[in-house]
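Chain by chain, the residues run as shown.
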Amino acid sequence: MTVAVLSGFVLALAAPWLVRATGRAAGWVTALLPLALTVYFGSLLGQIGAGDALNVTHSWIPALGMQFSLYLDGLGLLFALLICGIGTLIFIYSGGYLPNDPHLGRFLSMLLLFMGAMLGLVLADNVIVLFVFWELTSISSYFLIGFQHSRPEARAAALQALLVTGVGGVALLLGVLLLGQVGGSLELSTLLGRGNEIRAHPLYLPILVLVLLGAFTKSAQVPFHFWLPAAMEAPTPVSAYLHSATMVKAGVYLLARMSPILGGTDPWVALVTTVGAVTMLAGGTLALLRTDLKQILAYTTVAALGTLTMLLGMGTADAARACMTFLLAHAFYKGALFLGAGSLEHGAGSRDVDHLGGLWRTMPLTTAAAGLAALALAGFGPVLSFIGKELLLEAVLAQSPTRALLAPAVLAGSALSVAAAAIVGLRPFAGTRPDELSDAQEAPASLWLGPVVLAAGGVVLGLRPEILAEPIVTASAASVLTRREVADLALWHGPNPALAFSGASLVLGLLVYRAWPTIRRSAAARTWWLSWGGPSRWYELGLQALSWLAESQTRLLQSGYLRLYLIMILITANGLAAYALLARVRWQPIVLQPAVQLHDAFIGALILLGALAAAGSASRLGAVAALGVVGAGISLVYISFGAPDLAMTQFLVEAFTVILLVLAFYHLPRFARLSGRTARLRDVVIAGVSGTLVAALVLLTTTARRDSRIAEYFAEHSVAAAHGRNIVNVILVDFRSLDTLGEITVLATAAIGVYVLLRLRPEKGSTP
Amino acid sequence: MPLLLAVVIGGLYATALYLILRRSIVKLLIGLALLTNAANLLIFTSAGLTRATAPIVPLGSDRPPAPFADPLAQAMILTAIVIGFGVLAFMVVLVHRAVQAVGTDDLDDLKATDT
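Residues numbered from 1 in each chain as written. Chains lettered and ligands numbered in written order. Predicted model: local features only at pLDDT ≥ 70, side-chain atom pairs only at ≥ 80, totals over all residues. Heavy atoms only, no water.

Caption draft 1: Structural view of the interface of chain A and chain B. With 101 residues of chain A at the interface, the matching set in chain B holds 85 residues. At the boundary of chain A with chain B, the tally comes to 4 salt bridges. A salt bridge links A:E716 to B:R63; the nearest nitrogen and oxygen atoms lie 2.8 Å apart. Sorting the residues of the side of chain A that touches chain B by element identifies α27 (562-584), α28 (598-616), α29 (620-640), α30 (644-665), α31 (677-702), α32 (709-722), α33 (727-735) and α34 (737-759) of chain A as the ones contributing at least two each. Grouping the constituent residues of the side of chain A that touches chain B by class yields 65 nonpolar, 23 polar and 13 charged. (Contact = heavy atoms within 4.5 Å. Salt bridge = Lys/Arg side-chain N within 4 Å of Asp/Glu carboxyl O. Helix = DSSP H or I, 4+ residues; strand = E, 2+ residues; numbered from the N terminus. Nonpolar A, V, L, I, M, F, W, Y, C, P; charged D, E, K, R; others polar.)

Caption draft 2: Summary view of the pattern of salt bridges. All names here are of chain A. Overall, the coordinates contain 17 salt bridges over all chains when judged by the stated rule. Measuring nitrogen to oxygen at the nearest pair gives 2.9 Å for the salt bridge that ties D292 to R351. Residue D292 is located in the loop between α15 (266-287) and α16 (293-314), and its partner R351 is located in the loop between α17 (317-348) and α18 (364-378); the two are separated by 59 residues in the primary sequence. Beyond isolated ion pairs, a larger network of salt bridges with shared partners links R151, E153 and E233.

Caption draft 3: The pairing of strand β1 (residues 54-61) of chain A, seen in detail. Residues and elements named next belong to chain A. Alignment of β1 against strand β2 (residues 66-72), held across 7 bridges, turns out to be antiparallel. Each residue of the ladder has a partner; that of V56, found in β2, is L70. What sits between the antiparallel neighbours β1 and β2 is a turn of 4 residues, in which G65 has the positive phi angle 70°. (Pairing = 2+ DSSP bridges.)

Caption draft 4: Here's a closer look at empty space enclosed by the protein. Residues and elements named next belong to chain A. Enumeration over the complete set of coordinates arrives at 6 cavities of 30 Å³ or more. Considered as a void within the structure, the largest cavity measures approximately 210 Å³ in volume. The wall of the largest cavity is formed by 19 residues, among which T307, F326, G413, S414 and S417 lie closest to the centre. Looking at the lining of the largest cavity, the elements with two or more residues in it are α15, α16, α17, α18, α19 (384-398) and α20 (400-426). Its residues placed into classes, the lining of the largest cavity shows 10 nonpolar, 8 polar and 1 charged. Taken together, the residues of the lining of the second largest cavity break down into 6 nonpolar, 6 polar and 1 charged. (1 Å grid on protein atoms, 1.4 Å probe; cavity = no way out; pocket = protein on both sides within 12 Å on 5 of 7 lines; lining within 4 Å. Points joined across faces, edges and corners; volume = space filled by probe spheres on them.)

Caption draft 5: Quick look at the nonpolar core. In this structure, A:F41 and A:L262 are the most contacted members of the largest nonpolar core, which totals 199 residues. The element best represented in this core is α17(A), accounting for 20 residues. Residue contributions to this core reach at least three from each of two domains, namely domain 1 (1-183 + 229-245) and domain 2 (314-333 + 344-525) of chain A. If near-sequence neighbours (up to four positions away) are discounted, A:F41 is found in contact with A:A4, A:L72, A:L77, A:A80, A:L81, A:C84, A:L119 and A:L123. Listed in part, the 77 residues of the second largest apolar core include A:V624, A:A647, A:A664 and B:I81. (Core = buried A, V, L, I, M, F, W, Y, C linked by side-chain atoms within 4.5 Å. Buried < 20%, exposed > 50% of the residue type's maximum accessible area, 1.4 Å probe, protein only. Domains from an automatic or database assignment.)

Caption draft 6: Layout of the packing of aromatic side chains. Residues and elements named next belong to chain A. This model, assessed by the stated rule, comprises 15 aromatic pairs over all chains. Plain terms: the ring middles of F9 and F133 are 6.0 Å apart, the flat faces sit at 35° to each other, and that makes the pair tilted. Of the two residues, F9 sits in helix α1 (residues 2-22) while F133 sits in helix α7 (residues 127-145), which places them 124 residues apart along the sequence. F133 sits in the buried class, given a relative accessible area of 5%. By way of ring pairs, the aromatic residues F9, F68 and F133 are connected into one cluster. Its end group placed over the ring of W134, K218 keeps NZ or CZ at 5.0 Å from the ring centre. The side chain of R520 reaches across the aromatic face of W516, ending 4.4 Å from its centre. (Phe/Tyr/Trp six-rings, centres within 6.5 Å; stacked < 30°, edge-to-face > 60°. Lys NZ or Arg CZ within 6 Å of the ring centre and 35° of its normal.)

Caption draft 7: Representation of the packing of helix α5 (residues 74-97) of chain A against helix α22 (residues 469-481) of chain A in the model. Residue and element names in this part refer to chain A. Running from amino to carboxyl end, α5 crosses α22 at an angle of 130°, the nearest separation of the two axes being 6 Å. In terms of orientation, α5 lies oblique with respect to α22. Contacts between α5 and α22 involve G74, L75, L78 and L81 on the former and, on the latter, I472, A475, S476, S479 and V480. Of the residues that constitute the contact of α5 with α22, the class distribution is 6 nonpolar, 3 polar and no charged. (Axes fitted to C-alpha atoms, helices over the stretch in contact; angles between N-to-C directions. Parallel < 35°, antiparallel > 145°, perpendicular 65-115°, else oblique.)

Caption draft 8: How the structure looks around the confidence of the model for chain B. Looking at chain B as a whole, the pLDDT averages 86, with 96% of positions reaching at least 70. Averaged pLDDT values for the elements of chain B fall to 68 in helix α4 (residues 107-113) of chain B and rise to 93 in helix α1 (residues 2-20) of chain B. (pLDDT = per-residue confidence, 0-100.)

Caption draft 9: Highlighting the environment of B:G84. Residue and element names in this part refer to chain B. Residue placement: G84 occurs in helix α3 (residues 71-102). Using a relative accessible area of 17% as the deciding quantity, one classes G84 as buried. Placed 48 residues apart in sequence, G84 and T36 show a C-alpha to C-alpha distance of 6.3 Å.

Below is the structure:
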C-alpha cells in the first residue's frame, strides 16, 4: 500500500524524461500507473467489502512519536478507486488535450504529484500524515490552476485557491492537533473508537469548528465557494480531475472520516446540514447565471458538494448511503461533462453555450457522452445518479424534524440541477448549427475516450448496481456509520414519495430551463451586489488590508534613519530594564564599601568632566583630548582597585587612540551642529534615562552574591599548573588561550580591513 | 565608592549614547569610543571592588595573599580593551572612506545614497 501511495511521487519525478522519450504517446504511457493502481485497489474490494481494514505503519520520526501510517477501509477504498480510475482517463485525455505543449512533461508531473498526494490523503491513518498530503494537494492544485502562467487571470485564480484552501489547512492542522491531544492518539484508526470521549470533552466545539473550516474551504462550501469557479482557469483535464471528481471531495472525505469521531451532535448537525443546504442552493442558482460551460459545471459541482455535505450532516444510515452513492455517481458524470466540455472546446473552438449549437451531427460521440452525463446530472434515466437521487430524497423525507426545512431545499436544488443539465446537455448539441462552427470536427480518440467511458460507466453502474456499486457503497457507508448495513441499490424502487418528488423536480427544472433567457436577463440586473459585497470581494479586501498592513508597518519601523533604529532599540531596552528593576527585583541594602577617598572623588570628577567635554565640544581636537582624559581617568580607577595590567593596557591603548584620531580627524569633516533643538533635547532625555538605568544596574550588582569560585580556582592553579605568577596573564595565555587567539584574529581582521580600505581607491586622484 | 562609580558609569553611558544619536558621523565615532570605556568600567565594577592587592602570586608562595582582586574580570576587560581599539581603528578608516566616497558626514544624507 505504501508503494501504491509513493509510486505517484516517484513517477512525477521521472515524468519530464518520460514525455521526451515517448512523445505524443506520453498520456497513454503515464496512464499505465493509475491503471495498475486501479487494478490493485480493485483486487482489494472483496476483502475490504467484507468489512476488513488494512493498516500499514512505518516509523517516521520516532523521537516525536510520529508514524507514517496508512489505513484502508471502505471509505478510503471508494476514494482510492475514484482517484486512480478517473485518473487513468484523465492522463490519457491530457496527452490529447495538450499534445504540442512544450510543458506537457511538467503538467503530467504535477498531475502525478497530485494523484499521489490525494491517495495519501484518503489512505492516511496518522492525522499529521493526512495534513501533509492535504497541503500537497493544495500546492499541486496551485501549480495546475496556474499552469498557463503567462495569463494573469490564471495566476490570480491559482493564488486565490491556494490562499483559501491554505487558511483552511491551517485551521485543520490546529483542529487535528487538538484532536490528538484530546483523543490521546494521532492515529485515525484509534480515534474512531474514542468518539464518545471526544464529543464530551470541553474542547470539542473548537475542534469541530477548526476541522469543519478545513473541510468547508477545501470543498468550496459557502462562503468559501468562490475559489472553485475561478479555478476553472486551469486546463480542462485539471478541472475535471481536481475540481470536480477528486480534490474538492477531500473536504467531503474529511467530513465522512470524522463523522464517527465528531459527528452526530447538535452543533455538527446544525452547522454541516445548513452550510451544505445553502451551498447546494447557491451553487445551483449561480450555475444558471453563467454561459461558459466550465463555469456552469463548476457551480453545479459546488451544488453537488453542498448536497454531499448536507447528507453527511444529517448522519443517518440512509443519508450515509445516499451520500456515498451520489459521490460515486457524481464523479462519473461530472468528470464526463467536464471532459466533454474540453472536447467541445477542442473540436468547436468555444465553451460558451450561446455560441454553440447543432453539434450532434459533427461530434456524435461527444454528444452521446455529454447527453448521458447530462441525464445523470439531472438525475434521470438508467444511471447511477438516479439511484443516488432517490436515496437522497428518501433520506431527507425519512427524517421528520428536518423534513419540513430540507425537503423544499432539496426539491429546489434538484430542479436547478435539471435546468443546468438541460443547458449543458441540450444547448451545444441540439438545434441548428451556427455558421461559425462549420469547421467543427469530432475529437481524437484520446479526447472522446474519457467522456464516453465515464458516461457509459455511470449507466452500467446504474443498470447493474449489484456488481460494483453495492459493495463499494456498503463498505464506505459502513466506515461513516461504524456499522455495516448492506446497501440495497436498485433503479426501480416502486412508486413512493421520493419518486413523486423527482417528478416534481423534473417539471420544475424544465420550466426553469424554458425561462432561462429571461432569468439571466433579470438576474444580471439584480446580482450587482455579489461583485460588490460577495465573498470574493471580502477575499480581495482582506488581501488588500494585509498588504496595506505590511506596507505601513514597514514604513513605520524601517525608516532608514540610523538614529531612529537606535532610539527604538534604546527605548525597548530601557523599558524592559526599568520594568525589571522596578517590578521584578527585590532590592537588598546597597553595599557602599570600600569608602570613597578624596582622590577617588577627584578621579570621578575628572572622568565625568572629560565625558561631558567630549560630548559638548565644538572642535574635533577638543573632543579627542577629552576622550584621552576619560581614558586616563579610567586607568587611574584600575590602578586604585588592584588591576595594574588593565591600567597599563588602557593607558597604552588610549594613547594610540588619541594619536589615531588626531591623525584621522585631519582628514575627517569638521563637527557641524546638524540636529535641531528639539532633537537634541529628545536625545538628552533618552541618553539621561539610559545612563540612570545603568547606574541603578551598577548599584544592583553590588548586592549580588560574590564568592567567585572561578577566581579561587585560578588562584589555586596559576603557579601549580601554569607556572605563572601574574594570574591575569596566565588566564590570557594559558587557561583561556583560545579566547586570546580569537582576540588576535579579530585584531588581524580589523588590520586587514584598515589596510584594504586605505589602499582601495574609489577613483583615481582622490586623496587618501 | 560603588555609588560614585555608578554615577560615573551612568554619566559615561549617557554621554556616549547622546553622541551616538548625533547626525554627524564623526561624533558617532567618539561616542563609540566612550561607550567601550563605559562598558569596561561596568564589568570591572560589577565584579566587585576591592582595594586589595593585584592578583599576582608573590615569589616564594604558590597563591596570592587573600584578599585579591578578581582576575577573571580583569582578563575579560583586557581582551575587551584591545578589541575595542581594533574596532575603533577599523571604524575610523571606514568612516573616512565613506565620507570620502559620499561627500557628506550627515547620517541622514547617507540614508538617501544607498537606495
